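# Chains, contacts and geometry: an overview
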Amino acid sequence: MLERSHEEIQVEETLVFDFLHGLGEAFRETIRPQELHRLIVEGATRILDAHGGALYVTDRTGAKLMPAFISKGCPPLVDIPPHILQQAAANPLSLESYLQLHTLIPGEGLIGRVWQTGQSVYLNEFSETPELEKLRGSAFGSISVMAAALGYGNQDLGVLALANGPAGTAFSQGDFVVFKSLSEQSAFALYNAIIYSMANEKKRLDHDLEIARDIQRILLPSEAPVINGFQISGINVPARQVSGDYFDYIRVDEERLGVAIADVSGKGVPASLIMAICRSVLRAEASGNPSPADVLRKVNRQLYPDIKEDMFISMAYTILDHTQGTVTLCRAGHDAPILFNSETKTAVPVKPPGMVVGIDSGSVFDRITGDFPLSLKRNDCLLFYTDGVTEALDANGDEFGPDRMIECVRTSAPEGAPAIITRIIDELRDFVGAQPQNDDITLIAIRKT
């Protein structure tokens, strides 16, 4: 007797280890959820010699249980409408279809109650389970059921149930102990599958963002243009994989070069998409147009209908005329550029009026936004920037601020446009230290030569 019990325990242990091994092997490669669900139900059914089993999993909202896998031969464990039972007598597929499509809410029937309470149950009589009691004498009835809520940490994952039909025997208390152990391991496997899925999804999204970043790099200038009478240097440092900042050098005609900088409200992918649209419209309107204000008015009229109410674009667009040596600026609500005077060695903000792109259809924008001629002498410099520079934070939450940036311009401008960019970036890195970058950074420096 003892020897037989010892053999039964060994067989049981072997089956449980096989179950765990099967789940472990499933994670060697990326397993589809449906395959994992099948492994859990069929493995538990085989170990406990049940007629069938069912696995219900929590949907994405956490409000419903969805049938994930119901094995053939599993007695129904939910309430079956009378007309479905009548159809099933002639066509078993009608019952199978109903079970595969029927979702449950918390507290609905045995499965819903187990999910709601989180308590495992072992039933050999169904006086408190009317949906099973009414089927007891039929071909679809159960004589014994075990069900367990599947949870890991604070996450509700679903319910696993096994059942024996009229031709079977009742589950024992020992079966219930093993079943609860299998349920715990199943919950762990389901949780791991969710983590794997999230990791794979993140990997896919990261890959997509890498592609988006590569595309954006193509859209942004790789190097500054060579233009008689001016020295130009620019840089873009995105806070995430993609940037909502934009800068560009646009050939207007044989005598003129357009220099643009823009900052789309927000960060990440939505801002980068608006940036790409803005670039296309600006380039189309800039060709052959010597008035930066007229260009931005047309850009605003085109973009206004398509920009969401909570989004806008601050821009500054400057046209350099290398034959006349003139600079014409238009500022559409963008941060005021810094003008360095080589004679006085001073650096001050230039603040022509203008409003951001995308919040007005044109009546106000066109009236406020105008051309602003700048008189640059030899070795004078002009710096354009986005607020990612001035609003960069250190460990104490203090901002880099405009004063530090102006001082960087004042001390580095005599060395040329690239020196201004280098100095500001170095000062920024020293200031923020190990703090993560919280906004996109764009700088363009122009020196009159």
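Going by the structure above, here's the rest.
In what follows, the accompanying structure is described. A quick note: this is a predicted structure, and the numbers were derived from the prediction, not measured.

## Side note on the layout of surface pockets
- Of the pockets and cavities examined, the second largest pocket occupies roughly 340 Å³.
- Together, 18 residues line the second largest pocket, and Ser-71, Lys-72, Gly-73, Cys-74 and Glu-96 are the ones closest to its centre.
- Going through the elements one at a time, β2 (65-70) and α4 (92-101) are the ones with two or more residues in the lining of the second largest pocket.
- Ranked by residue count, the leading element in the lining of the second largest pocket is α4, at 5 residues.
- Across the lining of the second largest pocket, the residue classes tally to 11 nonpolar, 5 polar and 2 charged.

## A word on the sheet that holds strand β8 (residues 256-264)
- With antiparallel pairing, 5 strands are arranged side by side in an open sheet as β7-β8-β9-β10-β13. Looking at which strands have only one partner, the edges of the open sheet turn out to be β7 (245-251) and β13 (372-374). If you compare each strand with its neighbour and ignore which way they point, the axes differ by 20° on average.
- Bridge count between strand β10 (residues 326-332) and β13: 3 bridges; the pairing is antiparallel. Paired with Leu-329 across the bridge in β13 is Phe-372.

## Quick notes on helix α9 (residues 292-303)
- Under the 1.5 Å per step criterion, the end-to-end length of α9 is 16 Å for 12 residues, consistent within 8% with the ideal 16 Å.
- Looking only at α9, the buried set comprises Pro-292, Ala-293, Val-295, Leu-296, Val-299, Asn-300 and Leu-303. Here the buried residues of α9 occupy an arc of 155° about the axis, which is enough to place them on one side.

## Re the pairing of strand β15 (residues 441-448)
- Most of β15 is tucked away, with 8 of its 8 residues classed as buried.
- Every second residue of β15 is oriented toward a common face, with Ile-441, Leu-443, Ala-445 and Arg-447 on one face and Thr-442, Ile-444, Ile-446 and Lys-448 on the other, all of them buried.
- Where strand β14 (residues 381-385) lies against β15, 5 bridges are found, and the strand directions are antiparallel. Opposite Leu-383, over in β15, you have Ala-445 as the bridge partner.

## Points about the environment of Ile-446
- You can see Ile-446 is positioned in strand β15.
- Exposure remark for Ile-446: the relative accessible area of 1% places this residue in the buried category.
- Sequence separation between Ile-446 and Ile-420 is 26 residues; the distance between their C-alpha atoms is 9.4 Å.
- Among residues more than four places away in sequence, those in contact with Ile-446 are Phe-230, Gln-231, Ile-232, Val-259, Leu-320, Asp-380, Cys-381, Leu-382, Phe-384 and Ala-417.

## Focus on the pairing of strand β4 (residues 144-152)
- As defined by bridge partners, strand β3 (residues 121-123) adjoins β4 across 3 bridges and the pair is classed as antiparallel. From the neighbouring strand, Val-121 faces β4, where its bridge partner is Ala-147.
- Pairing of β4 with strand β5 (residues 155-164), which is carried by 9 bridges, proceeds in the antiparallel orientation. Bridge pairing links Ala-147 to Ala-161 in β5.
- In this antiparallel pair of consecutive strands, β4 and β5, the connection spans 2 residues, and Gly-153 shows a positive phi of 65°.

## Concerning the pattern of salt bridges
- Tallied over the entire structure, the rule returns 13 salt bridges.
- Note that Glu-254 is salt-bridged to Arg-251, the shortest N-O span being 2.4 Å. Here Glu-254 matches Arg-251 in class, with each residue exposed.
- Linking Arg-423 and Glu-427 is a salt bridge whose minimum nitrogen-to-oxygen distance equals 3.2 Å. Of the two residues, Arg-423 and Glu-427 are both situated in helix α13 (residues 417-432); the distance of 4 residues between them amounts to about one turn of the helix.
- When its relative accessible area of 31% is taken as the criterion, Arg-423 is described as partly exposed.
- Since its relative accessible area comes to 30%, Glu-427 is described here as partly exposed.
- Beyond isolated ion pairs, a larger network of salt bridges with shared partners links Glu-35, Arg-38 and Glu-42.

Scoring rules and cut-offs
- Residues numbered from 1 in each chain as written.
- Predicted model: local features only at pLDDT ≥ 70, side-chain atom pairs only at ≥ 80, totals over all residues.
- Heavy atoms only, no water.
- 1 Å grid on protein atoms, 1.4 Å probe; cavity = no way out; pocket = protein on both sides within 12 Å on 5 of 7 lines; lining within 4 Å.
- Points joined across faces, edges and corners; volume = space filled by probe spheres on them.
- Helix = DSSP H or I, 4+ residues; strand = E, 2+ residues; numbered from the N terminus.
- Nonpolar A, V, L, I, M, F, W, Y, C, P; charged D, E, K, R; others polar.
- Pairing = 2+ DSSP bridges.
- Axes fitted to C-alpha atoms, helices over the stretch in contact; angles between N-to-C directions.
- Expected span 1.5 Å × (residues − 1).
- Buried < 20%, exposed > 50% of the residue type's maximum accessible area, 1.4 Å probe, protein only.
- Arc of directions from axis to C-beta.
- Contact = heavy atoms within 4.5 Å.
- Salt bridge = Lys/Arg side-chain N within 4 Å of Asp/Glu carboxyl O.

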